[in-house]
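Examination of the molecular architecture
One letter stands for each residue in the lines below.
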Amino acid sequence: MASRTLRIGLIPGDGIGREVIPAGKKILESLPSSLGLKFSFVDLDAGYETFKQTGTALPDKTVETLQKECDGALFGAVSSPTTKVAGYTSPIVALRKKLSLFANVRPCKTTLSPAFASPTPHPIDLVIVRENTEDLYVKEEKTYADPSGEGQIAEAIKRISSKASWRIANIAGEIAVRRQKMRESAASAEEKDKKALVTITHKSNVLSQTDGLFRSTAREALSQAKFSSVAIEEQIVDSMVYKLFLQPQYYDVIVAPNLYGDLLSDGAAALVGSLGLVPSANVGDGIVIGEPCHGSAPDIEGKGIANPIATIRSVAVMLEFLDLPEAANVIYRAVDANLAEGSFVSPDLGGTAKTSQVVNDIIKRL
Ligand code: ATP
């Protein structure tokens with residue numbers, strides 16, 4: 001097999017980011033040689049500590065190195081100051097903009113571990129695909145005096161374009177097809193039987209123009225011949241929340257505009273039980289950045305007990321989007337096996353294992 005070398009930027013950021021990103025690096029270094037993959041790494045700065053030391057949370061060098069040198073990257077977490085600090089803005093939000101990472105992809109999968117009682121009776125295995133660039137997040141707000149003379153009025157722009165809606169629905173369709181292929185190579189009959197489904201989420205019954213455009217464009221994108229094996233359905237966002245909590249096992253890929261995607265993905269993370277398990281990837285036309293969904297967790301920083309699985313799964317999602325589904329599958333299965341066997345799970349899941357013990361157990365299973 002021809003070998004492929006990938007350059008990966010490592011951006012640990014703050015807090016437990018510095019404990020889980022080295023774990024992600026170790027997993028990449030330990031992948032079986034039969035996959036024909038090699039990795040080179042570059043350490044990059046970002047975060048609140050970087051801001052305190054240099055006056056910027058996202059140095060130009062970090063952005064340039066990612067743009068010019070890297071195929072992928074792993075981003076840990078950043079601390080958020082409790083009060084507003086002049087000049088500080090979130091580096092990951094800035095990175096998404098600067099690198100045109102238009103999709104935030106968040107897989108949520110139930111943990112089958114003897115150490116941990118799953119919050120839901122049926123296993124969940126779904127992905128939320130959240131549009132990353134527009135909707136209310138264009139942050140065009142204004143406040144002005146109410147012409148009636150009583151108080152003020154505040155307004156925000158909700159911007160939806162057919163271009164962004166089309167590309168996010170297209171990526172959702174591609175993810176559904178890829179997941180179906182990965183399931184076909186799965187061991188359990190239950191997994192094999194699950195059909196590819198994309199659920200388009202919107203509120204076009206009220207917002208007929210903005211969400212109406214999202215809905216019709218997403219439908220058009222998903223009607224391409226390459227998605228003929230994928231079932232398409234729609235859910236109004238409020239009933240989507242209801243059904244997501246009532247029957248989460250039904251869903252496969254959920255695609256949503258920015259705000260609904262944000263809300264749904266945190267809700268889905270709660271359904272699988274620990275932030276320490278939930279990965280994400282920021283995806284565009286070029287580089288892919290894997291990022292655990294959790295924050296910097298200052299309460300457990302430095303104790304060596306952070307669950308590395310959100311990051312390890314983020315490594316796998318990054319590889320999926322670098323068109324390496326086989327390598328991604330090797331990681332997903334090793335993590336699932338670690339959890340199912342349950343000897344080395346971290347305290348957030350009811351176990352006693354240190355971060356390093358979880359990592360070593362997963363490496364043994366790769
Ligand atoms: P930040 O301000 O960076 O968002 P936070 O503490 O408000 O930090 P999270 O870092 O997401 O938010 O943590 C929320 C809770 O989940 C904390 O109690 C934290 O210890 C726990 N937690 C988050 N990530 C992990 C992890 N990887 N392993 C174990 N526990 C975690």
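Residues numbered from 1 in each chain as written. Predicted model: local features only at pLDDT ≥ 70, side-chain atom pairs only at ≥ 80, totals over all residues. Heavy atoms only, no water.

1. Details of the pairing of strand β4 (residues 103-109)
Across the 7 residues that make up β4, a large majority, 6, are buried. The pairing of β4 with strand β5 (residues 125-131) spans 7 bridges and is antiparallel. Across the sheet, K109 pairs through a bridge with D125, a residue of β5. Pairing of β4 with strand β11 (residues 281-283) involves 3 bridges; the strand directions are antiparallel. Of the residues in β11, the one forming a bridge with V105 is A281. (Buried < 20%, exposed > 50% of the residue type's maximum accessible area, 1.4 Å probe, protein only. Helix = DSSP H or I, 4+ residues; strand = E, 2+ residues; numbered from the N terminus. Pairing = 2+ DSSP bridges.)

2. What about the pattern of salt bridges?
What the rule picks out here adds up to 22 salt bridges. Across the pair E49 and K52 runs a salt bridge whose closest N-O atoms are separated by 3.2 Å. Taken together, the positions of E49 and K52, both in helix α2 (residues 48-54) and 3 residues apart, correspond to about one turn of that helix. Judged by relative accessible area, which is 30%, E49 ranks as partly exposed. Note that D125 is salt-bridged to R179, the shortest N-O span being 3.4 Å. Of this pair, D125 sits in strand β5 while R179 is found in helix α5 (residues 162-184), placing the two residues 54 residues apart along the sequence. For the pair D125 and R179, a shared accessibility class is recorded, and that class is buried. (Salt bridge = Lys/Arg side-chain N within 4 Å of Asp/Glu carboxyl O.)

3. Description of the packing of α5 against helix α7 (residues 210-222)
To describe two helices that pack against each other, one gives the angle between their axes and the distance between the axes. The interhelical angle for the contact between α5 and α7, taken along N-to-C directions, is 45 degrees, at an axis separation of 8 Å. Relative to α7, α5 is oriented oblique. For α5 against α7, the interelement crossing comes out right-handed. On the side of α5, the interface is formed by S162, S165, W166, I168, A169, N170 and G173, while α7 contributes L213, F214, T217, A218, E220, A221 and L222. When the residues that make up the contact of α5 with α7 are grouped by side-chain class, the tally is 8 nonpolar, 5 polar and 1 charged. (Axes fitted to C-alpha atoms, helices over the stretch in contact; angles between N-to-C directions. Parallel < 35°, antiparallel > 145°, perpendicular 65-115°, else oblique. Left-handed = near helix turned anticlockwise from the far one by under 90°. Contact = heavy atoms within 4.5 Å. Nonpolar A, V, L, I, M, F, W, Y, C, P; charged D, E, K, R; others polar.)

4. Focus: helix α9 (residues 258-271)
The end-to-end C-alpha distance of α9, which contains 14 residues, comes to 20 Å, matching closely the 20 Å that a straight helix rising 1.5 Å per residue would cover. G273 occupies a position one or two residues after α9 and carries a positive phi of about 105 degrees. (Expected span 1.5 Å × (residues − 1).)

5. What to know about the sheet that holds β5
Pairing is mixed in the open sheet, where 10 strands are placed in the order β2-β1-β3-β12-β11-β4-β5-β10-β8-β9. The sheet is open, and its two edges are formed by β2 (37-43) and β9 (231-236), each paired on a single side. With direction set aside, neighbouring strand axes in the sheet form an average angle of 25 degrees. Pairing between β11 and strand β12 (residues 288-290): 3 bridges, direction antiparallel. Directly across from A281, in β12, lies its bridge partner G290. Strands in contact with α5 are β4, β5, β8 (197-202), β10 (253-256) and β11; relative to β5, the strand with the most contacts, it is inclined by about 160 degrees. On the sheet, α7 packs against β8, β9 and β10 and is oriented at approximately 165 degrees with respect to β8.

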